[in-house]
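Results of the structural survey
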Amino acid sequence: MAALGWLTPRRRSATARSVLAGEASAEAARKSSQEAQEAPPGAPEEPEFPVIGDTRAAAFFDLDNTVMQGAALFHFGRGLYKRKFFETRDLARFAWQQAWFRLAGVEDPEHMQDARDSALSIVKGHRVAELESIGEEIYDEYMADRIWPGTRALAQAHLDAGQKVWLVTAAPVEIAQVIARRLGLTGALGTVAESVDGVYTGRLVGEPLHGPAKAEAVRALAAAEVLDLARCAAYSDSHNDIPMLSLVGHPYAINPDAKLRKHAREKDWRLRDYRTGRKAAKVGIPAAAGVGAVAGGTAAAIAISRRRR
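Residues numbered from 1 in each chain as written. Predicted model: local features only at pLDDT ≥ 70, side-chain atom pairs only at ≥ 80, totals over all residues. Heavy atoms only, no water.

A word on the overall build of the protein
Stated formally: Each helix corresponds to a stretch of at least 4 residues labelled H or I by DSSP, and each strand to a stretch of at least 2 residues labelled E; elements are numbered beginning at the N terminus. In this scheme, a residue with accessible area under 20% of its type's maximum is buried, one over 50% is exposed, and one in between is partly exposed, where area comes from a 1.4 Å probe on protein chains only. The Shrake-Rupley method, run with a 1.4 Å probe sphere, supplies the accessible areas, and residue values consider only the shown protein chains as cover.
For the protein, the helix and strand inventory stands at 11 helices and eight strands. Evaluated residue by residue, the protein yields a buried proportion of 53% over its 309 residues. If you sum the accessible surface of the protein, you get close to 13,600 Å²; carbon and sulfur atoms cover 52% of it.

And the structure:
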């Protein structure tokens, strides 16, 4: 599927392949959307954010562990296994990678590379339309109840303000677009897999949408949509997304890993952690997210309880 993307570490600066991946993802996101249709840190009082009616602002959300618990690719892999796309030994590998992601909270390069290669080989020769249809079913089966309510509330605040909201993820663009559509978001930027006459070739366009490539995708989309990045917001849990977060005027660390938490504190970025329901270290998050944080913590507790039975 369009790049069941699992990634290897990238240099901080954008490479030519990063730019290509970013531009390809932005083009796919805009096409899908069309088809479907600033206060300084520490200020005593901060203007309402997001700003209602500011159509030159938009919000960009990372997916894995920011919008959704766990990794979209692993849940997608479970759905493909159920439909006999691959064998039991492959499912065991997916399960181990998912367990690592959930426990460590970070992306392991070797696991990601292995998953990427496996995923590309699995979907090679399949039709894009087939995977899109299956993606809808898999969302209902494995993903719908893993959405963080707190992050969902943040996205809704931007939508209610009349702004566009995009997912930005290394997951396959087709799966990302399914999730965005089901959440009522504007669209999604994701890893683009090459297809010829509607059939996957098993190769990527550029590279997985990860690290600098995400920043390039946001930059390309902002230019096409005539957005002012200084008025835009970005949300992520991972230090790998610092290039994307640094691109906008309103960066948010959501469920941050240790490196991102440290960086966010140094830069005075806002923080919010929905994994335990504890409050953010900074203020200025839309009020609706406060309720979502409690709901997110409750949902996580229920999920853990079910797994222990």
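Now that the structure has been shown, we can carry on.
Thoughts on the nonpolar core
The cut-off we apply is this: The nonpolar core is taken to be a set of buried Ala, Val, Leu, Ile, Met, Phe, Trp, Tyr and Cys residues, with the residues joined through side-chain atoms within 4.5 Å.
Within the largest apolar cluster, 42 residues are counted, with the highest numbers of intra-cluster contacts made by Phe-61, Leu-63, Leu-80, Met-143, Leu-167, Ile-179 and Tyr-235. Sort the elements by how many residues they give to this core and helix 5 (residues 128–143) lands first, with seven residues. Among the nonpolar cores identified, the runner-up in size contains 29 residues, and Ala-21, Cys-232, Ala-234 and Leu-260 belong to it.

Quick notes on unusual backbone geometry
Residues other than glycine seldom take positive phi values, yet Asn-65 does so here, at roughly 70°. On the secondary structure map, Asn-65 appears in the loop between strand 1 (58–61) and helix 2 (72–82). The class for Asn-65 is buried, based on a relative accessible area of 8%. Although it is not a glycine, Val-226 adopts a positive phi angle of roughly 55°. Along the chain, the position of Val-226 falls in the loop between helix 8 (212–225) and strand 6 (233–236).

Describing the environment of Val-168
We count it as follows: By definition in these notes, contact holds between two residues if any of their heavy atoms fall within 4.5 Å.
Tracing the backbone through its elements, the reader meets Val-168 in strand 2 (residues 164–172). Sequence spacing of Val-168 and Asp-64 is 104 residues, and the spatial spacing of their C-alpha atoms is 9.7 Å. When sequence neighbours within four positions are dropped, the list of residues in contact with Val-168 reads Phe-60, Phe-61, Asp-62, Leu-63, Leu-189, Leu-209, Lys-214, Val-218 and Met-244.

Regarding the packing of aromatic side chains
The test is simple: Under the pairing criterion, centres of Phe, Tyr and Trp rings, with the six-membered ring standing for Trp, must be within 6.5 Å; the plane angle then separates stacked pairs below 30 degrees from edge-to-face pairs above 60, leaving the rest tilted.
Counting across every chain of the model gives three aromatic pairs. One aromatic cluster in this structure is built from Phe-49, Phe-61, Tyr-235 and Tyr-252.

Some words on the side chain of Glu-225
So the rule is basically this: Whenever a nitrogen or oxygen atom comes within 3.5 Å of another N or O atom, the pair is scored as a polar contact, on the condition that within protein one atom can donate a hydrogen and the other can accept it, and that pairs from neighbouring residues in sequence are kept only if both atoms are in side chains.
With respect to the helices and strands, Glu-225 occurs in helix 8. A polar side-chain atom of Glu-225 sits 2.7 Å from a polar atom in the side chain of Lys-164.

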